[in-house]
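Below are the chains, spelled out letter by letter.
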Amino acid sequence: QVQLVESGGGLVQPGGSLRLSCGASGSSFIITAMGWYRQAPGKQRELVARISGGSTDYADPVKGRFTITIDSAKNTVYLQMNGLNAEDTATYYCNVVSRRGFTRYETWGQGTQVTVSS
């Protein structure tokens, strides 16, 4: 089973930036996708950005402001968030899809809070 450790959330003013990171650890697994989701109070969890099979997808509200990258050597995914606004306030969750042999696993991070407020 893959274990995830997230970091990088916090309080930031509108227009500011934050970088989230999520490191994956475990043995004998192959990562096939890494991404970030978020959930605001009273709303469903939604995709923010995801890298899978060499393709990168962004939710429309974050296009041009957020950038997702992966350091494969460290099994770590980053989310650089620029131009933050109040609508970005949410708990952000890392998501990793991996496989060991023929078994597929989907693992969620513990969540990190991002609050955008003046």
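To keep things clear, this report deals only with the structure shown in the data block.

Quick notes on the rules
Residues numbered from 1 in each chain as written. Predicted model: local features only at pLDDT ≥ 70, side-chain atom pairs only at ≥ 80, totals over all residues. Heavy atoms only, no water. Helix = DSSP H or I, 4+ residues; strand = E, 2+ residues; numbered from the N terminus. Rg over C-alpha atoms; globule rule 2.2 N^0.38 Å. Pairing = 2+ DSSP bridges. Axes fitted to C-alpha atoms, helices over the stretch in contact; angles between N-to-C directions. Salt bridge = Lys/Arg side-chain N within 4 Å of Asp/Glu carboxyl O. Buried < 20%, exposed > 50% of the residue type's maximum accessible area, 1.4 Å probe, protein only. Disulfide = S-S within 2.5 Å. Core = buried A, V, L, I, M, F, W, Y, C linked by side-chain atoms within 4.5 Å. Contact = heavy atoms within 4.5 Å. Phe/Tyr/Trp six-rings, centres within 6.5 Å; stacked < 30°, edge-to-face > 60°. Lys NZ or Arg CZ within 6 Å of the ring centre and 35° of its normal.

## Description of the overall build of the protein chain
Part 1 of the reasoning: Helix and strand counts for the protein chain come out as zero helices and eleven strands.
Part 2 of the reasoning: Moving toward the C terminus, one meets the helices and strands of the protein chain in the order β-β-β-β-β-β-β-β-β-β-β.
Part 3 of the reasoning: For 118 residues, the compact-globule formula gives about 13 Å, and the C-alpha radius of gyration of the protein chain, at 14 Å, lands near that figure.
Part 4 of the reasoning: Along the first, second and third principal axes, the C-alpha set of the protein chain runs to 50 × 25 × 25 Å.

## Regarding the sheet that holds strand 8 (residues 76-81)
Part 1 of the reasoning: Pairing in this open sheet of four strands is antiparallel, and the strands run 1-3-8-7 from one edge to the other. With one partner strand each, in any of the chains shown, strand 1 (3-7) and strand 7 (66-71) form the two edges of the open sheet. Strand after strand, the sheet turns through a mean of 15° between neighbouring axes, direction not considered.
Part 2 of the reasoning: Both strand 7 and strand 8 contribute to a ladder of six bridges, which runs antiparallel. Bridge assignment links Phe66 to a residue of strand 8, and that residue is Met81.

## Some words on the pattern of salt bridges
Part 1 of the reasoning: The tally for this structure, following the rule as stated, stands at four salt bridges.
Part 2 of the reasoning: Measuring nitrogen to oxygen at the nearest pair gives 2.9 Å for the salt bridge that ties Asp88 to Arg38. You can see Asp88 sitting in the loop between strand 8 and strand 9 (90-100) and its partner Arg38 sitting in strand 4 (residues 30-39), a full 50 residues away along the chain. Just as Asp88 is buried, Arg38 falls in that class too.
Part 3 of the reasoning: Notably, a salt bridge pairs Arg65 with Asp88, separated by 2.8 Å at the nearest N-O pair.

## Describing the state of the cysteines
Part 1 of the reasoning: On inspection of all chains with the given rule, the structure shows one disulfide.
Part 2 of the reasoning: In this model, Cys22 is linked to Cys94 through a disulfide, with the two sulfur atoms separated by 2.1 Å. Since a negative S-S torsion denotes a left-handed disulfide, the Cys22-Cys94 link at about -80° is left-handed. Linking Cys22 in strand 3 (residues 18-25) with Cys94 in strand 9, this pair joins segments that are 72 residues apart in sequence.
Part 3 of the reasoning: What makes Cys22 buried here is its relative accessible area of 0%.

## Points about the nonpolar core
Part 1 of the reasoning: Of all hydrophobic cores here, the largest spans 28 residues; its most connected members are Trp36, Val48, Phe66, Leu79, Met81 and Tyr92.
Part 2 of the reasoning: The set of elements that each furnish at least two residues to this core consists of strand 3, strand 4, strand 5 (46-52), strand 7, strand 8, strand 9 and strand 11 (112-116).
Part 3 of the reasoning: If sequence neighbours within four positions are ignored, Val48 has contacts with Trp36, Tyr37, Arg38, Asp57, Tyr58, Ala59, Val62, Phe66, Leu79 and Tyr92.

## Structural notes on unusual backbone geometry
Glycine aside, the phi torsion of most residues is negative, and most peptide linkages are trans.
Part 1 of the reasoning: At Asn75, a residue that is not glycine, the phi angle is positive and equals roughly 50°.
Part 2 of the reasoning: Residue placement: Asn75 occurs in the loop between strand 7 and strand 8.

## A few points about the packing of aromatic side chains
Part 1 of the reasoning: Tallied over the entire structure, the rule returns one aromatic pair.
Part 2 of the reasoning: When the ring of Tyr37 is compared with that of Trp108, the centres are 5.0 Å apart and the planes differ by 70°; the resulting orientation is edge-to-face. With Tyr37 in strand 4 and Trp108 in strand 10 (residues 103-108), this pair connects stretches of sequence that are 71 residues apart.
Part 3 of the reasoning: Tyr37 sits in the buried class, given a relative accessible area of 17%.
Part 4 of the reasoning: The ring centre of Tyr93 lies 3.8 Å from the NZ or CZ of Arg45, which sits over that ring.
Part 5 of the reasoning: The aromatic ring of Trp108 is capped on one face by Arg45, whose charged end is 4.6 Å from the ring centroid.

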